[in-house]
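Working through the structure, step by step
Here is what each chain is made of, one letter per residue.
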Amino acid sequence: MNIRLLAKRNIQGNAQRYLAYFFSIVLSVSIFFIYASFIFHPDVVHANIPGGQLISRGLIAAEIVIIIFSVFFIAYSNAAFIQPRKKEFGLLTLLGMSKSQLRKLIYLEQTMVSLISILIGVGLGFLFSKLFLMAVSWLLAVEQPISFVIVPEAFIYTIVGFILLFQLLSLLSLFHIGNAEVVDLLKDKQKPKKTPFVSKWLVALSAVCLSISYYLAGTMSLNNSYRVLPIVFFVLIGTYFLFSQSIVALCSRLYRKKKSLYGGTNLITQTNLIFNIKDYSRLFFLTSIITAVILTAAGTLFMFSADLKKQGMDNIPQSIGWVENDASVYSVIEPSAVEKTLKEDGFKILYEVNMTGVPITHMLPHMRTGESSENRSLLISESGYNNTAALRKIEPAKLSGKEALYIFPYGGLDYQFVHKGEQKELHFGNRTIQVTMIGQRNQSIVAPIKAATTLMVVDDQLYHEITADVPLKEMARVRGYEVKDWEESMETSSEIEQMSNNPNHNQLQTRAPIYQEMKQGSILILFIGLFVSLLFFIVQGSMMYLRVFTNLEDKKIQIHALHRLGLTKKEIRQILSAEIRILFFAPFLIGVIHAIVAYVALSNLLGSNLFVYSAMVIATYFLFQLLYYQVTKKMYGRAVINSIK
């Protein structure tokens, strides 16, 4: 027997405990290798793939996330493996093993597992990188699929990077165990657990931090998106003390309710929970945050992709839209040419927009500084606005006398530039018109470009008074066409753009190309994000698995004693199921609450009701979590019950 053989047998003996950890590391290495294979692919490096550089930057960000996450996971796992084996290390030391030999044993175990994980991970990554390249080729809609080549840089960065990471974390984990005394190692598990201390001030701090974070998230919009960092800070502080203090306080209160405590197996379940809550608190904190991150990231990507068509129609009101600075001529493109092209390509015109207005200037506050500055808008009539609003199923404006309504085209930005009852001066040439504002609407009804970016709507009579002597050449004209099945009009839109006299690409707007570009980008990001989210889910499930199986021997001793006292196997299964259920679903519940608040903030940012999408994401995640719970419960229950003689 030598140390190398002993390390090998220790790994074999703890195979069940290492299983989830091994699988998570293999998955991390595989995803990292696949992403690296694309980042360093010759076609991407030499910019031979349209959009390749964009997805490459996204993959680099994902690689950084994987590395950071792997650091925390490996460090946590190493500590989880060492803690329950302290008695074993103490016995080895008592039998004559020196501290340097003990360190060597632990180092060899972790090195063997890491090398096997890296090799299998790289092998699987290499096998599936072809499928990844095919999927990316399809998503990018390239004419020639991305060729499969061996990328040496991917092998070097993945193997060397993860070996260095494992080696560093393994050496750090040896420091604590290598300096412990034999008596401490032998008696580590015999130390009595004290009732956790609860601070009312820390419970209050938890409630205050979570309340602040939820309020900031629930009232967040585009103009105050800087709140993200304070929200994350308060959520982390609040969640940590929620599990380390608030949950302990709740368990203590339940423990004092004797009527429910003595019902069934509650006494054992609640006693185990309250005395292990200190050990559980860090795990609960980490897994709840991971759950919130997974749900928020996956939900955001899915919701943005699913809501993309609505966003396109909201921000780009017509399929084809343009602005003529001189309303007396068509210098950008002739409407007849647009209509002819659409009809020849088989697209049905649902409606058209033909609106004239007067370019005006007025003073508006700056969003950041609040200082007034001169801004341009297009003055249009109430009837002109209402006619187009009716086509887009938008509530009509109701004005009279010298009232005016300000139209800002971006619905996600809820900043109020004007206020109801505010007096405002509108300037056109040497003329000044005094109007009373009835409010502001953040929605677009015509192409928000050039002079028509923002609109000022006034009563028809006032509009005619202002424009009665204004020549047509000093007015601007807004034209637009909405077509059926506009998503399929990519080629037609490109043809119309080529026909137009629009050298700076700022007077004509087509929805289909912008939508398709956004759709392609969102699908790619969703594709990348789902891989990372899957990794996060596997890892947080592995942390649960590790927590359960690292205490397996202690649990067997406890259950053996309870069985001798008269507990049936059915009651023992109930105890085990309850403990694992709390372990899996307590942090899941808190993570879901955090994610729901994040969804509310996202709905405010996008100006959409995302309840259905968020419910689908949460339900899908719950099903995966339930499956993970059932598998762990079955394996754990079998391991414990089979030990009962």
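Please read all numbers here as calculations on a predicted model, not as lab measurements.

**Notes on the packing of aromatic side chains**
Enumeration according to the criterion identifies 25 aromatic pairs in this entry. Seen from their ring centres, F233 and F234 are 5.5 Å apart, and the 70 degrees between their planes marks the pair as edge-to-face. Taking relative accessible area as the criterion, F234 reaches 21% and is therefore assigned partly exposed. Between F588 and Y621 the ring centres are 5.7 Å apart and the planes differ by 0 degrees, which places this aromatic pair in the stacked class. Here F588 is found in helix α20 (residues 569-606), whereas its partner Y621 is found in helix α21 (residues 611-641), with 33 residues between them in sequence. With respect to burial, F588 and Y621 carry one shared label: buried. Each member of the aromatic cluster is reached from another via a ring pair, and the members are F537, F584, F585, F588, Y621, F622, F624, Y628 and Y629. A cation over an aromatic ring shows up here: R511 above the ring of W486, its NZ or CZ 4.7 Å from the ring centre.

**Here's the deal with helix α18 (residues 511-550)**
Its 40 residues place the ends of α18 57 Å apart at the C-alpha level, agreeing with the 58 Å of an ideal helix rising 1.5 Å per residue. The buried count for α18 comes to 28 of 40 residues, which makes it a mostly enclosed element.

**Structural notes on the nonpolar core**
Counting 97 residues, the largest nonpolar core has Y21, Y35, F38, L295 and Y636 as its most contacted members. Setting aside residues up to four positions removed in sequence, Y35 forms contacts with L59, A62, E63, I66, F132, I528, F531 and V532. Within the second largest apolar cluster, 24 residues are counted, among which are V358, I360, V418 and F428.

**Quick word on a negative patch on the surface**
A cluster of acidic side chains, namely E344, D345, E491 and E495, defines a negative patch on the protein surface. Among the secondary structure elements, E491 is positioned in helix α17 (residues 490-499). Among the residues examined, E491 registers a relative accessible area of 69% and is labelled exposed.

Definitions and limits used
Residues numbered from 1 in each chain as written. Predicted model: local features only at pLDDT ≥ 70, side-chain atom pairs only at ≥ 80, totals over all residues. Heavy atoms only, no water. Phe/Tyr/Trp six-rings, centres within 6.5 Å; stacked < 30°, edge-to-face > 60°. Buried < 20%, exposed > 50% of the residue type's maximum accessible area, 1.4 Å probe, protein only. Helix = DSSP H or I, 4+ residues; strand = E, 2+ residues; numbered from the N terminus. Lys NZ or Arg CZ within 6 Å of the ring centre and 35° of its normal. Expected span 1.5 Å × (residues − 1). Core = buried A, V, L, I, M, F, W, Y, C linked by side-chain atoms within 4.5 Å. Contact = heavy atoms within 4.5 Å. Patch = residues over 30% accessible without salt bridge, like charges linked within 9 Å, V, L, I, M, F, W, Y side chains within 5 Å. Areas by Shrake-Rupley, 256 points an atom, 1.4 Å probe, with all protein chains shown as cover. Salt bridge = Lys/Arg side-chain N within 4 Å of Asp/Glu carboxyl O. Lys, Arg positive; Asp, Glu negative; His and termini not counted. Charge placed at Lys NZ, Arg CZ, Asp CG, Glu CD.

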